[in-house]
Amino acid sequence: SNVKISVPKKLEQTAIATALSDVDNLIQSLEKLIAKKEAIKTGTMQHLLTGKTRLPEFATHENGSAKGFKQTELGRIPEDWKVVSLGEAVEFLDGQRKPIKASDRAKINGIYPYYGASGIVDYVNDYIFDEDLILLGEDGDNILSRNSPLSFKVSGKIWVNNHAHVLRPNQNFNITFLTSFLESLDYALLNSGTAQPKLNKATCLKIKVAKPSKNEQTAIATVLSDMDAEIQALQQRLDKTRDIKQGMMQQLLTGKVRLA
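Residues numbered from 1 in each chain as written. Predicted model: local features only at pLDDT ≥ 70, side-chain atom pairs only at ≥ 80, totals over all residues. Heavy atoms only, no water.

Caption draft 1: Representation of unusual backbone geometry within the structure. The phi angle at R146 is positive, at roughly 55 degrees, despite the residue not being glycine. You can see R146 is positioned in the loop between α4 (142-145) and β9 (151-154). (Helix = DSSP H or I, 4+ residues; strand = E, 2+ residues; numbered from the N terminus.)

Listed below in structure tokens is the structure:
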């Protein structure tokens, strides 16, 4: 009750409130648009990664007839797709991983990302890998909760601890397609942990993966990448708008900047 506040005239208060409300409305509209785009992407993934919907150039035979479907371990998929195990699709590089304790990482701060089960944990001054790879979370609540990506693509010089499987796709797979396919799976039934959810290597090797032609994989990956880029651009705009609102509050609510 003793906090002192600045009190402009009611007319100026209203003008300031209107300006801030306009920014709030823009923020809310961007949040809704991002949620809508993410829902559309999820639906698109469910259809394209299972073959329920085919891109036009892959949907028909040379004679113009529609391609059919077949029943597999993954359920009903296009007749010209194959099903392989993850062990056939990638090379596991888990043996090259090296965990570093937080206290030791503090002594080797650097520019190279240090990855864990759900993304970048820290930055260090050395790296283990320097190529395009897929990381698949090995343990942690995210296996069940899926609050963040469990499968994600990484590129360049990085270090990886022992909480994420390191996968190198073979030449018959598009890395973006395979990353998206793995991210689309439900891992609840593959969990082998008790106290903490876990995806062990033996289980991961047996995961069934859809294998369309490399050209179709690339086409699907392009569609999904374009959607990701659109969502990322909207997220950047949202972050910038939030920063603008924060700056407006600091200026307008203190009277450093006055509305005309």
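Caption draft 2: Structural detail: the sheet that holds strand β11 (residues 164-169). One open sheet holds the 4 strands; their spatial order is β4-β11-β8-β9, and the pairing between them is antiparallel. The open sheet terminates on both sides in strands that have one partner only, identified here as β4 (90-92) and β9. Looking at each pair of strands side by side, their axes are set apart by 35 degrees on average, direction ignored. The sheet contact formed by strand β8 (residues 133-137) and β11 spans 4 bridges and is antiparallel. Across the sheet, G137 pairs through a bridge with A164, a residue of β11. Packing against the sheet, helix α5 (residues 175-184) makes contact with β4, β8, β9 and β11, and its axis sits at approximately 155 degrees to β9. (Pairing = 2+ DSSP bridges. Axes fitted to C-alpha atoms, helices over the stretch in contact; angles between N-to-C directions. Contact = heavy atoms within 4.5 Å.)

Caption draft 3: Spotlight on the nonpolar core. Counting 34 residues, the largest nonpolar core has L86, L167, L178, Y187, V209 and I220 as the members making the most contacts within it. Looking at this core, the elements with two or more residues in it are α1 (10-48), α2 (86-89), β4, β8, α5, β12 (208-211) and α7 (214-252). Excluding residues within four positions of it along the chain, I220 makes contact with L48, L49, L55, W81 and F177. Y115, L133, I158 and V166 belong to the second largest nonpolar core, which has 11 residues in total. (Core = buried A, V, L, I, M, F, W, Y, C linked by side-chain atoms within 4.5 Å. Buried < 20%, exposed > 50% of the residue type's maximum accessible area, 1.4 Å probe, protein only.)

Caption draft 4: How the structure looks around the packing of α5 against α7. It is at 8 Å that the axes of α5 and α7 come closest, and there the two elements cross at 70 degrees. Between α5 and α7, the angle is such that the two are roughly perpendicular. Once α5 is placed against α7, the crossing between them reads as left-handed. Note on element contacts: α7 touches α5 through Q217, I220, A221, L224 and S225, opposite T176, F177 and S180. Partitioned by chemical class, the residues of the contact of α5 with α7 number 4 nonpolar, 4 polar and no charged. (Parallel < 35°, antiparallel > 145°, perpendicular 65-115°, else oblique. Left-handed = near helix turned anticlockwise from the far one by under 90°. Nonpolar A, V, L, I, M, F, W, Y, C, P; charged D, E, K, R; others polar.)

Caption draft 5: Spatial organisation of the pattern of salt bridges. Applying the stated criterion across every chain, the model contains 17 salt bridges. Here E31 ties to R242 by a salt bridge, and the two come within 2.7 Å at their closest N and O atoms. With E31 in helix α1 and R242 in helix α7, this pair connects stretches of sequence that are 211 residues apart. With relative accessibility at 36%, the residue R242 sits in the partly exposed group. Each member of the salt-bridge network shares a partner with another, and the members are R54, K67, D80 and E216. (Salt bridge = Lys/Arg side-chain N within 4 Å of Asp/Glu carboxyl O.)

Caption draft 6: A look at the sheet that holds strand β7 (residues 129-130). Taken together, the 4 strands give an open sheet; going across it, the order is β6-β5-β10-β7, and neighbouring strands pair in mixed fashion. A single partner strand is all that each edge strand has here, and the edge strands are β6 (119-124) and β7. The sheet contact formed by β7 and strand β10 (residues 157-160) spans 2 bridges and is antiparallel. The residue of β10 that forms the bridge with D130 is K157.

Caption draft 7: Focus on the packing of α1 against α7. Where α1 contacts α7, the axes come no closer than 10 Å and their chain directions differ by 165 degrees. As summarised for this structure, α1 and α7 are arranged roughly antiparallel, according to the angle between their axes. Considering only the axes of α1 and α7, their crossing is left-handed. Grouping the amino acids of the contact of α1 with α7 by side-chain chemistry returns 22 nonpolar, 3 polar and 10 charged.

Caption draft 8: Representation of the side chain of E138 in the model. Among the secondary structure elements, E138 is positioned in the loop between β8 and α4. The residues touching E138, leaving out its near neighbours within four places in the chain, are R97, I143, N162, H163, A164, H165, P197, K198 and L199.

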